[in-house]
Every structure is written in structure tokens, then in C-alpha cells.
Amino acid sequence: MSVILIIGRVKRLLMIAVTTFIVFAIFFGSYQWYHRGNEQAIEAISEAVKGKVVVLDAGHGGQDGGAKGKQGTLEKDINLQVAKRVAQYLEEYGVTVVMTREDDNNLVTGRWSQRAELTKRVEKARAANADAYISIHCNSFPSPRWSGHQTFYQPGSEEGRRLALHIQNELTRRIGNKDKRQAKAEDYFVLRTSHCPAVMTEIGFLSNPAEEALLGTENHQKQIALGITAGILRFLEGKAAPEKKTFFMERP
Ligand SMILES: [Zn+2]
């Protein structure tokens, strides 16, 4: 083998080594940069929401099963599973979470009525001096065709509306919004009597067989919980409501 050939081979090997090193350096560098950015974002959110108190209300419970799907899914069970996930995610950001119920028991002991139960739940939020109250429910309708999520707030409550719009928006980003539902003002007892901004979020229709099946899956529940969590965090950070864009027709 001639000297020139050996030098040529060494050069080639050197080139390969240098190229490999550069590719790895770029890959590793951007990976680090991406994660550093993520960590900084999480730290910034945590700083803004630390010490805030959120009450999560898993709708219904005990003898009150709520809506029931054709396959036998009980609303109270789905509500609790999703509420527990939201609690876990919020706590990771340093938010203090109070659950109105953590199992299948009601707050009212003895003679039960829905009004008494709801009153107790709102009182629990008041006692905790909550910054936000989120009641989690599943929807139901006589016709099986309707599907999708929708979040409600008390008419006239600007902060309730801001919270509802954030949750509606973040849920849509994660699970879509085929029927184009919007956050809506509705007069509900829990929303009306709450001392803090309050919303009721209907996470899907148990009367829709496809959605009933979906609501029972871990992945779908995770996406819903992430959406609700993100909406609450945006609200607690003080972010303005994500307004729906309105397009006006130009007059000819
Ligand atoms: Zn319900």
C-alpha cells in the first residue's frame, strides 16, 4: 500500500469521525435546548400559580350516578377518574387542589337531596378560599347523534367566562370539536352560588355510543385531563380569554 493511499484512507476516516461528531453535537445540543426551554416554561407557570387553590368537583356520586351510557358506563365514575387526573397534573405545578369527593361517597350524610349535596360542595370551596371551581360532568341527550365537550359559566361572570373559554379552547386543541361547541353562559345552581369563578365542563356525551366507549379509555381521559389542566393554568396565570375570531362581511 502506498503512502498516498494510506493518507487518503486516514483523511476519509477523519472526515467521517468529524461529520459524526458534528451531527451528534447538533442533535444533542438542540435536545438540551428544547428540554431547557420546556423546564423554564414549567418553572415560569409554577411560579405564577403557586399557592393558588382549585376545587375540583367530580359530578354526582354515591346513590346519584348521573347519566348512564348504553354500555352501562356511569357518569359519576368517569367524572371521578378524570377529576383525579386533573388533580395530579395541577399538583405537579404547585397548585393546591381540593376535591369535593375522592371516592364514591357523598358529602351529605343522612337524608340526601341533590340540593343539599350541591350546597355542601359549594361550601367546601368557600371554606378552602378557592381561586377557581371546576365541576366535571358528562353530557347526555335523548338522541345518540350529539358528541363533544362544552364548558358552561354563570351569566354575567367575566372571570367565570374567562375560565370557561380557556378550558373550552384547550380541550378543543387536544380532543377536537367536531360539532363546534362554544363555551356558554348558563344559570346553574353551583355556578350561581359559588363565591369564586366557577365552571361546569361537560367532557362528552354518554348518550353517543362511540363517545361512551372513548370516555372509558385511559388515553382519552388523559387528553381531557390535560386540556382541563392547561385551561385552569392559563386562567390562574391571568391570561386573557381566547376570544373567538369574528369575521365581518365586507359591504359591497
Ligand atoms: Zn352530570
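From a predicted model like this one, the values you see are computed outputs, not experimental measurements.

Parameters at a glance
Residues numbered from 1 in each chain as written. Predicted model: local features only at pLDDT ≥ 70, side-chain atom pairs only at ≥ 80, totals over all residues. Heavy atoms only, no water. Helix = DSSP H or I, 4+ residues; strand = E, 2+ residues; numbered from the N terminus. Rg over C-alpha atoms; globule rule 2.2 N^0.38 Å. Buried < 20%, exposed > 50% of the residue type's maximum accessible area, 1.4 Å probe, protein only. Pairing = 2+ DSSP bridges. Right-handed = clockwise from strand over helix to strand, strands pointing away. Domains from an automatic or database assignment. Contact = heavy atoms within 4.5 Å. Buried area = accessible area lost by both parts, 1.4 Å probe. Core = buried A, V, L, I, M, F, W, Y, C linked by side-chain atoms within 4.5 Å. UniProt positions renumbered as here; feature names shortened; annotations may be inferred. Axes fitted to C-alpha atoms, helices over the stretch in contact; angles between N-to-C directions. Donors = N, O, S within 2.8 Å, 3.2 Å for Na, K, Ca; no water. Left-handed = near helix turned anticlockwise from the far one by under 90°. Nonpolar A, V, L, I, M, F, W, Y, C, P; charged D, E, K, R; others polar.

Undergrad: Whenever I open this one, the overall build of the chain confuses me. Can you help?
TA: Of the regular secondary structure elements, the chain holds seven helices and six strands. Along its sequence from the N terminus, the chain presents helices and strands in the succession α-β-α-β-α-β-β-α-β-α-β-α-α. Since a compact globule built from 252 residues should have a radius of gyration of about 18 Å, the 25 Å found for the chain marks it as more spread out than a globular shape. The C-alpha extent of the chain, read off along each of the three principal axes, is 100 × 50 × 45 Å. Out of the 252 residues belonging to the chain, those deemed buried represent 42%.

Undergrad: Sorry, what's going on with unusual backbone geometry here?
TA: One can expect most non-glycine residues to show negative phi and most peptide bonds to be in trans. Phi is positive for His60, which is not a glycine, with a value near 65°. Counting through the fold element by element, His60 comes out in the loop between strand S1 (53–58) and helix H2 (75–92). Its relative accessible area of 16% is what places His60 among the buried residues.

Undergrad: When you look at the pairing of S1 in this model, what are you seeing that I'm missing?
TA: Successive side chains on a regular strand alternate, one facing one side of the sheet and the next facing the other. For S1, the tally of buried residues reaches six of six residues, placing the bulk of the element in the interior. Covered by surrounding structure in S1 are Val53, Val55 and Asp57 together with Val54, Leu56 and Ala58, the residues of both alternating faces. Alignment of S1 against strand S2 (residues 96–99), held across four bridges, turns out to be parallel. Looking across to S2, one finds that Val54 is bridged to Val97. Following the chain from S1 across H2 to the adjacent parallel S2, one finds a crossover that is right-handed.

Undergrad: Would you mind going over the domain arrangement of the chain with me for this structure?
TA: Interfaces are often sized by the amount of accessible area the parts lose when they come together. Looking at the chain, the domain boundaries give domain 1 (1–49) and domain 2 (50–237). On a C-alpha basis, the centres of domain 1 and domain 2 stand 45 Å from each other. Facing the six residues of domain 1 at the interface are 10 residues of domain 2. Taking both partners together, domain 1 and domain 2 bury about 690 Å²; carbon and sulfur atoms supply 59% of that area.

Undergrad: In this structure, what is going on with the side chain of Glu170? I would like to understand it.
TA: Note on placement: Glu170 falls in helix H4 (residues 158–175). What Glu170 contacts, discounting residues up to four positions off in sequence, is Gly227, Ala230, Gly231 and Arg234.

Undergrad: Explain the nonpolar core here, please?
TA: Nonpolar side chains tend toward joint burial in soluble globular proteins. Ranked by size, the top nonpolar core spans 41 residues in total, and within it Leu56, Ile134, Ile228 and Ile232 carry the most contacts. Those elements that place two or more of their residues in this core are helix H1 (3–49), S1, H2, S2, strand S3 (132–139), H4, strand S6 (198–205) and helix H7 (218–237). Every residue in contact with Ile228, bar those within four places of it in the chain, is listed here: Val82, Val86, Ile134, Ile136, Ile167, Leu171, Thr201 and Ile203. In terms of nonpolar packing, the next biggest core, distinct from the first, is built from 14 residues, Val98, Phe152, Phe189 and Val190 among them.

Undergrad: What is the right way to look at the UniProt feature "domain: MurNAc-LAA" (unreviewed entry) in the chain in this model?
TA: The UniProt record annotates "domain: MurNAc-LAA" (unreviewed entry) at residues 122–233. Secondary structure over residues 122–233 splits into 46% helix and 20% strand, and the C-alpha atoms at its two ends are 21 Å apart.

Undergrad: Looking at this structure, how should I read the sheet that holds S3?
TA: Neighbouring strands of a sheet are bound in pairs by backbone hydrogen bonds; such pairs are parallel or else antiparallel. Taken in spatial order, the six strands of this open sheet run S2-S1-S3-S6-S4-S5, and their pairing is mixed. The sheet is open, and its two borders are formed by S2 and strand S5 (184–185), each paired with just one other strand. As paired strands, S1 and S3 are joined by five bridges and run parallel to one another. When the bridges of S3 are listed, Val54 appears paired with Ala132. Strands in contact with H4 are S3, strand S4 (150–153) and S6; relative to S4, the strand with the most contacts, it is inclined by about 175°.

Undergrad: Help me out: how do you make sense of the coordination of the zinc ion in this one?
TA: Octahedral metals with six donors have ideal donor angles of 90 or 180 degrees. Tetrahedral metals with four donors have an ideal donor angle of 109.5 degrees. Bound to the zinc ion are the protein donor atoms His60 (NE2), Glu75 (OE) and His137 (ND1), situated 2.1 to 2.2 Å from the metal. Along the chain, the residues donating to the zinc ion are arranged with the sequence spacing H-x14-E-x61-H. On the criterion of sequence distance, the pair formed by Glu75 in helix H2 and His137 in strand S3 is long-range, its members being 62 residues apart.

Undergrad: I would appreciate a short explanation of the packing of H1 against H7 in the present structure.
TA: How two helices sit against one another is set out by the angle between their axes and by the gap between those axes. With their axes 9 Å apart at the nearest point, H1 and H7 run at an angle of 60° to one another. Of the two elements, H1 crosses H7, and the hand of that crossing is left-handed. In contact with Ile45, Ala48 and Val49 of H1, H7 contributes Leu233, Arg234, Leu236 and Glu237.

Undergrad: Help me understand the packing of H4 against H7 in this model?
TA: Contact pair H4 / H7: the axes reach a minimum separation of 8 Å and the direction vectors enclose 145°. Taken as a pair, H4 and H7 cross one another with a handedness that is right-handed. Facing H4, whose interface residues are Glu159, Arg162, Leu163, His166, Ile167, Glu170, Leu171, Arg174 and Ile175, H7 presents His220, Gln223, Ile224, Leu226, Gly227, Ile228, Ala230, Gly231, Ile232, Arg234 and Phe235. Considering only residue class, the contact of H4 with H7 consists of 10 nonpolar, five polar and five charged.

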